[in-house]
Amino acid sequence: MLEDVKSKEEKHKSIVKGLELKLKVSAYEKQQVTEETSSLRIQLLKTSLLQDEIPDLKRSLNEVKFENKKLESSLHILSGDNKELKAEKILSMQEIPDMQRAIAEIGDCRHGKVSLEEKLFRLEGDLTARKAIGAQDAELKMSLPG
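Definitions and cut-offs
- Residues numbered from 1 in each chain as written.
- Predicted model: local features only at pLDDT ≥ 70, side-chain atom pairs only at ≥ 80, totals over all residues.
- Heavy atoms only, no water.
- Helix = DSSP H or I, 4+ residues; strand = E, 2+ residues; numbered from the N terminus.
- Expected span 1.5 Å × (residues − 1).
- Bend = angle between axes of the 7 residues up to and from the residue.
- Salt bridge = Lys/Arg side-chain N within 4 Å of Asp/Glu carboxyl O.
- Buried < 20%, exposed > 50% of the residue type's maximum accessible area, 1.4 Å probe, protein only.

**Examining helix 1 (residues 2–143)**
Turning to step 1, where the next piece is worked out: For helix 1, with 142 residues, the first-to-last C-alpha span of 196 Å sits near the 212 Å given by 1.5 Å per residue.
Turning to step 2, where the next piece is worked out: By the largest-angle criterion, Ile54 marks the main kink of helix 1, which is about 30°, and a proline, Pro55, follows within four residues.

The following block contains the structure:
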């Protein structure tokens, strides 16, 4: 009977040790589940915060898309203006030699005008001198007996 009691006691101790081990494993698993639950709660909060940001981000995205379309439109207009300005520049560059020739001709005309004015002035002086000589000749002829 003593052996039977010892055997039962050892069996009982073995069962208690097994249960204590299971209790420790359960406590460890409970701690892990608690930590995982805490982590999941944090992730849920973050997800909730991120979901709250989605409408703002969508609004910002739409604003950026709208601004992008405006900028693309402006770029298209400016590209057209740039092409027009380049064409005008080419035409202007082609007109420069003609204008330079015209300016040279104007310079030649001015020089010719100055020369003609000088010649006219000399001729007027000569005419005035001839008139004076003619008047003197007429006076001399009148003063001669005749």
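Picking up after the structure, the text goes on.
**Considering the pattern of salt bridges**
Turning to step 1, where the next piece is worked out: The final tally for this structure, using the stated rule, is five salt bridges.
Turning to step 2, where the next piece is worked out: Across the pair Glu67 and Lys70 runs a salt bridge, and its minimum N-O distance is 3.6 Å. Here Lys70 and Glu67 lie together in helix 1, a separation of three residues that amounts to about one turn.
Turning to step 3, where the next piece is worked out: Glu67 sits in the partly exposed class, given a relative accessible area of 34%.

**A look at the environment of Ile77**
Turning to step 1, where the next piece is worked out: Within the secondary structure layout, Ile77 lies in helix 1.
Turning to step 2, where the next piece is worked out: Spatially, the C-alpha atoms of Ile77 and Arg122 are 64 Å apart, while their sequence positions differ by 45 residues.

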